[in-house]
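# Secondary and tertiary structure notes
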Amino acid sequence: MPSLEGPVFDREGNFYCCHTAPGNTSVVKIAPDGEQSEFYHNDVGMTVGLAFHKDGRCFAADMLSSCINIVSSEGQLLDTITLDDDGRRMRPDCMVFRENGDLCFTDLSGHLHNPSGGVYVLRADSGYKEMELLIGGFCAPDGITFAPDGRSMWITEVSTNSVVRVLLDPKGSPRVAQHSPLCAYRNASSSNVDTHAMDENGFIYVGIMMGGRAVVLDQDGIPVANILAPGFEEGKLRYTPNLALKRDAREGYLLASDEERAVVLRFEAFAPGQRLYAFE
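What comes next is a walk through the structure. Please read these numbers as outputs of a predicted model, since none were measured by experiment. (Residues numbered from 1 in each chain as written. Predicted model: local features only at pLDDT ≥ 70, side-chain atom pairs only at ≥ 80, totals over all residues. Heavy atoms only, no water.)

It is worth spelling out unusual backbone geometry at this point. Note that the residue after Ser180, namely Pro181, is joined by a cis bond; omega there is 0 degrees. Here Pro181 lies in the loop between strand E17 (162–167) and strand E18 (182–186). For Ser66, which is not glycine, the phi torsion reads 55 degrees and is therefore positive. Along the chain, Ser66 falls in the loop between strand E6 (58–62) and strand E7 (67–71). Residue Ser66 is classed as buried on the basis of its relative accessible area of 2%. Located in the positive-phi region is Asn161, a residue other than glycine, with phi close to 55 degrees. (Helix = DSSP H or I, 4+ residues; strand = E, 2+ residues; numbered from the N terminus. Buried < 20%, exposed > 50% of the residue type's maximum accessible area, 1.4 Å probe, protein only.)

The next thing to look at is the packing of aromatic side chains. If you walk through the whole model with that rule in mind, you get 13 aromatic pairs. An angle of 45 degrees between the planes, with centres 5.8 Å apart, marks the rings of Phe15 and Tyr253 as tilted. Of the two residues, Phe15 is situated in strand E2 (residues 15–20) and Tyr253 in strand E24 (residues 251–257); the sequence distance between them amounts to 238 residues. Looking at Phe15, the relative accessible area reads 5%, which means it is buried. Between Phe59 and Phe97 the ring centres are 5.2 Å apart and the planes differ by 85 degrees, which places this aromatic pair in the edge-to-face class. (Phe/Tyr/Trp six-rings, centres within 6.5 Å; stacked < 30°, edge-to-face > 60°.)

Attention now goes to the pattern of salt bridges. For the structure shown, the criterion picks out 11 salt bridges. For Arg250, the salt bridge goes to Glu268, with nearest N and O atoms at 3.2 Å. Here the residue Arg250 occupies a position in the loop between strand E23 (243–245) and E24, and Glu268 occupies one in strand E25 (residues 262–268), the gap between them amounting to 18 residues. With a relative accessible area of 44%, Arg250 lands in the partly exposed category. We classify Glu268 as exposed; its relative accessible area is 63%. Through salt bridges with shared partners, one network takes in Arg123, Asp125, Glu130 and Glu132. (Salt bridge = Lys/Arg side-chain N within 4 Å of Asp/Glu carboxyl O.)

Right under this line is the structure:
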């Protein structure tokens, strides 16, 4: 099955996504006029997530090789950050920059019987060489976003099929509280939650793997809408893991594929996407 992952916009409005396969991942760049080109090719591992730095560099998570590759704005490999947690191979997936330039990423490890996954931070003041655990004890954490007010972090957890809210203290660290982390939403079907994006009002748009849809949650995790792929009732385009929101328009872009094709679907969002570090 053709698989698309890791959608993201750069500050010029170009759209990027990963056409993934082990040992053969093409990061495709789609210009605002629709022209497509290959931005970066990974012929060793498997690129699954992208995040742009405000200086134009692209950080590309390689789940298969347990590393994050740093790529220039022209698509040239600049550096590789090898990830290791006391000898345990990590599975970097989704990434987001914080306001100070630190890079947070999810380690898609663990399951219900071994919750070894978590969110890690690569510190900007170390040149992204020093890594710290922000919060652990998760069962295959995938998507990650921070609320616009900075008071909470949202994580999609694959093995529990849940969207989890983590409250943050004024310094941006997880609060120690009885009601945090909290499962704010749980998908009640046999398909799985995957990654998500957040709009400027704090609404969360969650891709549903093999569900042929995305679900929209409000700031409290209450579902308010479904976004259905064309042919949903006939079982078409069921692989819908990821999406991205435009910063300057109420437009969302959902990645979808099946055995026949891989496409990018456009939908109307409730609000523009939240302002990311890449746009500063």
